[in-house]
Amino acid sequence: MNQDINIKKLQKNCWRQSKVPGEFMLQMRVPGSMISAKHLERVQYICQTWGNGNFHVGMRHTLNVPGVKYEDIPAVNDYISEYLEEVECDMCDVDMETDAGYPTIGSRNIMACIGNTHCILANYNTQDLARKLEPLVFPSHYHIKMSLSGCPNDCGKGHFNDFGIVGISKMVYHYERCIGCGMCIDACKKHATGVLSFTEDKKIAKDTCCCVGCGECATVCPAGAWTRRPTKFFRVLVGGRTGKQSPRMGKTFLNWVTEDVLLTVIGNWQKFSAWVLDHQPVYMHGGHLIDMAGYDKFKEMMLEGVTLNPEATVAQRILWTETEYRAQINVIPLSEHPKAGPRK
Amino acid sequence: MGYRLSYPEADELFRKLSAEYEIYAPKLFEKQGRYSDTDIVRYDRVKRAEEIVWDRKSDFSAKEVVSPITQTIFYFTEDEYRESRTGAKKLLIFLRPCDINAFEHQDKIYLENGGIADVFYQRVRDRVRFVLMECTEGWDTCFCVSMGANRTNDYSAAVRRDENGLLFSVPDPELAPHFAGNREEPFEVRFIEQNDFTVEIPEIPNKDVLNKLKKHPMWQEFNDRCISCGSCTVACSTCTCFTTVDKIYDENAHAGERRRVAASCQVAGFDCMAGGHEFRTTAADRMRYRVLHKVHDYKARFGDFHMCVGCGRCSARCPKFISFPATINKMAAAIKEIVAAERQ
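Small disclaimer: the values here were computed from a predicted structure and weren't measured.

**Q** What's the story with the overall build of chain B in this structure? I'm lost.
**A** Along the backbone of chain B there are 11 helices and 12 strands. A compact globule built from 344 residues would reach a C-alpha radius of gyration of about 20 Å, and chain B, at 22 Å, matches this within 12%. Seen through its C-alpha atoms, chain B measures out along the principal axes to roughly 70 × 60 × 45 Å. When the 344 residues of chain B are sorted by exposure, 39% land in the buried category. By sequence separation, contacts in chain B at least 24 residues apart represent 71% of the contacts at least 6 residues apart.

Structural data, given as structure tokens:
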């Protein structure tokens, strides 16, 4: 089979090369991991009409159509224009062309757990937030892996993303409503950080320093003595990644930031990436970009133009712990160190 | 004859009444629910008629107005003590028929049981006037009709809400003059005659059946289902149990206050005696105790009615979806089974 296919061009159209020559896989974004179920019919149609009849649930919550023949790609691109229009433009207010498939690689979908539209533990509406974040990061050739979790359980595994966004609540203790049953103490000890204890008069004392804001106390309180402050707060983890060389877990960059702060910070990612890569987009993990620039530079650029809310705290420094699959993988000649910023 | 008041007119009435009365009603507390972005309705002071919540059953009952969850009953220093003070105004409580009937049981326990009237209850209760909120629909957790608690004559005023505002009838001559001058309109209060859920109220014929019922396997399921959190009893309109706690002021160990704090027979340790002996050590034991108390023991002691008024707040607040009326039905079936076996 004589094929002359520009793989890179297709990749930027969100088509992934298969080991089967001439076949490709489409990865459809689902920002916030929730869409109207009606789209499933469309996906089924694509799989059965142009794909190999199978469907793959993408590792980043994309809808994957494997086994599409190279020559069918234009037809599929044409068919998904409605999906792109409805999911990207209408649902997320993304400004993009929709008539020739995805305008850039879409596989780094913004993932989200089900959030507080369903989950009794979640602290905010993850879908709503994902839809606000989507136009800040897509479509762009500077890619970012982001995952949203409704609570510090982090079912969305934000700890292994460039940005892990975790919903937290500032709790209010209504002293006079407390019956001193100790349910919150047990729940906090069992599920969270154990910051609650009895006072001598059988009320609750809290070590506020180490409260992770999960809201377990409110969930178990029989008397409504613990409630969440109406303002939503977030913990932002950065630099988490998987990978062959040095996977690592993300660490807290920001704690107790409001949505406004969060959106401004994430809005700065494009500028930061462009500076690190000197305006030459490369498909790299965000964590590597942070490494190249150094945390201080990252912090400086990501917080540009941000007015932090009074409750917000920022990591002064970050000490990641990497799993080095080859010892001293980082210890290399200075000349081989990746450079950030303007190239000569 | 009744009185028709628009909301602005009702606000004006409330304003005038406030010289003599404190007005309590079910009020919405936004985003203070057990789960994120859920609201809660509980009793609190209202200044405007529109603050009263009609379209939802209050999560917590009106008993909190008279016997708050936490209440200081006296202060002490060395060899002296002083009773806590209480307000002088009368309390106008907006509540439904089941809630008014629940107060009969509250009164029985606090004022008659043991032949001693509880002063801390009485000093508030004497100042209470009921405003009956007409209730003809109820909610899916209601079973007041089965418990015979759907009607009452014990109210100073009754009120219906409709699209034109509020319609009052004011049988209490003490309250009536405040309404004079408002537009007159015929109004006869109606009561709910049927709930969605019907409960078979069991009669336990003799002590032998009661003892067999206590050992019946029907209670075992609650060891798996009930988490002994006490949400049911805190929300219950008829539960009266409390404990006392001394608060010793940190700076001066010779001074402090004694408080009354709501307690729950569902929470482990409730019946723990000096020496550590407990009567009911499992969730099933505690559940059995509560159910029998509400639909057998209380009536056996006081005669006329079962304690439970079918307000259904216990079911509505249970985080594990244990339905109290369904449990009563299970108990009725178990009693039938025991009685049938005895006959054989």
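The structure having been displayed, the exposition proceeds.
**Q** Would you take a moment to explain the overall build of chain A for this structure?
**A** Secondary structure assignment for chain A yields 11 helices and 14 strands. In terms of overall dimensions, chain A is globule-like: its C-alpha atoms have a radius of gyration of 23 Å, near the 20 Å expected for 344 residues. By principal-axis analysis of the C-alpha atoms, chain A measures approximately 85 × 55 × 40 Å. A total of 344 residues make up chain A; the buried ones form 42% of that total.

**Q** Looking at this model, I keep getting lost on the domain arrangement of chain A. Mind explaining?
**A** A common way to state how big an interface is: give the accessible area lost once the parts meet. Residues and elements named next belong to chain A. Per the domain assignment, the segments of chain A are domain 1 (7–92), domain 2 (111–168 + 232–336) and domain 3 (171–226). On a C-alpha basis, the centroid separation for the pair domain 2 and domain 3 is 30 Å. Opposite the 7 residues of domain 2 that make contact, domain 3 presents 5 residues. Looking at the side of domain 2 that touches domain 3 residue by residue, the classes come out as 6 nonpolar, 1 polar and no charged.

**Q** How should the sheet that holds strand β13 (residues 251–258) of chain A be read in this particular structure?
**A** Each strand in a sheet pairs with its neighbour through backbone hydrogen bonds, running either in the same direction (parallel) or in the opposite one (antiparallel). All names here are of chain A. Reading across from one edge, β5-β6-β7-β12-β13-β14 is the order of the 6 strands in this open sheet, with mixed pairing throughout. Each having just a single partner strand, β5 (111–112) and β14 (313–314) make up the two edges of the open sheet. Judged from the 2 bridges that link them, β13 and β14 form a sheet pairing that is antiparallel. Looking at the pairing, L254 lines up with V314 of β14. Here helix α5 (residues 126–137) sits on the sheet in contact with β5 and β6 (146–149), set at roughly 160° to β6.

**Q** It is not clear to me how the packing of helix α6 (residues 207–215) of chain B against helix α11 (residues 324–343) of chain B should be interpreted in this structure. Could you clarify?
**A** The relative placement of two packed helices is expressed as an angle between their axes plus a distance between the axes. All names here are of chain B. Orientation of α6 relative to α11, taken along the N-to-C sense of each, is 120°, at an axis distance of 10 Å. Taken together, the axis directions place α6 and α11 in an arrangement best described as oblique. The two elements α6 and α11 meet at a crossing, and its hand is right-handed. For the pair α6 and α11, contact is made by V209, K212 and L213 and by A334, I335, I338 and V339, respectively.

**Q** When you look at the packing of helix α9 (residues 269–276) of chain A against helix α11 (residues 295–302) of chain A in this model, what are you seeing that I'm missing?
**A** All names here are of chain A. At a closest axis distance of 9 Å, the pairing of α9 and α11 adopts a crossing angle of 140°. If you check the angle between α9 and α11, you find them oblique. Seen along the crossing, α9 lies across α11 with a hand that is right-handed. Here K271, F272 and W275 of α9 come into contact with α11, specifically with F298, M301 and M302.

**Q** I'm lost on the interface of chain A and chain B in this one. Help?
**A** Listed as interface residues are 25 residues of chain A and, on the opposing side, 25 residues of chain B. Of all the secondary structure elements, the ones that give two or more residues to the side of chain A that touches chain B are α7 (216–220) and β11 (226–228) of chain A. Take the side of chain A that touches chain B: its biggest share by element is 3 residues, from α7 of chain A. Along the lines of polarity and charge, the residues of the side of chain A that touches chain B split into 12 nonpolar, 7 polar and 6 charged.

**Q** Honestly, the sheet that holds strand β4 (residues 70–77) of chain B in this entry has me stumped. Any pointers?
**A** Residue and element names in this part refer to chain B. In spatial order, the strands read β5-β4-β12-β11; together these 4 strands make up an open sheet with antiparallel pairing. Each having just a single partner strand, β5 (80–83) and β11 (242–248) make up the two edges of the open sheet. Between one strand axis and the next, the sheet turns by 25° as a mean value, whatever way the strands run. Relative to strand β12 (residues 255–262), β11 is paired through 7 bridges, and the arrangement is antiparallel. What sits directly across from T244, in β12, is R260.

**Q** What should I look at first to understand the confidence of the model for chain B in this one?
**A** For residues with low pLDDT, the predicted coordinates do not support detailed interpretation. Chain-level statistics for chain B give a pLDDT mean of 96 and a share of 100% at 70 or above. Overall fold confidence for the complex sits at a pTM of 0.93, while the interface term, ipTM, reaches 0.95.

**Q** For this particular structure, what's the right way to read the pairing of β4 of chain B?
**A** All names here are of chain B. The pairing of β4 with β12 spans 7 bridges and is antiparallel. When the sheet's bridge partners are listed, T72 is paired in β12 with R259. Sheet topology note: the β4/β5 ladder contains 4 bridges and is antiparallel. The partner of F74 across the bridge, within β5, is E83. Counting the residues in the hairpin turn of β4 and β5 gives 2 residues, including E78, whose phi is positive at 30°.

**Q** Looking at this structure, I do not really get unusual backbone geometry. What am I missing?
**A** Negative phi is the rule for most residues except glycine; trans is the rule for most peptide bonds. Residue and element names in this part refer to chain A. Backbone torsion omega between F138 and P139 reads -5°, so that peptide bond is classified as cis. Summarising the element assignment, P139 is placed in the loop between α5 and β6. In this structure, D93 takes a positive phi of about 60° despite not being glycine. Examined against the element boundaries, D93 turns out to sit in the loop between α4 (81–92) and β5. Assessed through the 11 C-beta atoms surrounding it within 10 Å, D93 is described here as exposed. A positive phi angle, close to 55°, is found at D154, a residue other than glycine. By the secondary structure assignment, D154 is in the loop between β6 and β7 (163–168).

Scoring rules and cut-offs
Residues numbered from 1 in each chain as written. Chains lettered and ligands numbered in written order. Predicted model: local features only at pLDDT ≥ 70, side-chain atom pairs only at ≥ 80, totals over all residues. Helix = DSSP H or I, 4+ residues; strand = E, 2+ residues; numbered from the N terminus. Rg over C-alpha atoms; globule rule 2.2 N^0.38 Å. Buried ≥ 20, exposed ≤ 12 C-beta atoms within 10 Å, placed from the backbone. Contact = placed C-beta atoms within 7 Å. Domains from an automatic or database assignment. Nonpolar A, V, L, I, M, F, W, Y, C, P; charged D, E, K, R; others polar. Pairing = 2+ DSSP bridges. Axes fitted to C-alpha atoms, helices over the stretch in contact; angles between N-to-C directions. Parallel < 35°, antiparallel > 145°, perpendicular 65-115°, else oblique. Left-handed = near helix turned anticlockwise from the far one by under 90°. pLDDT = per-residue confidence, 0-100.

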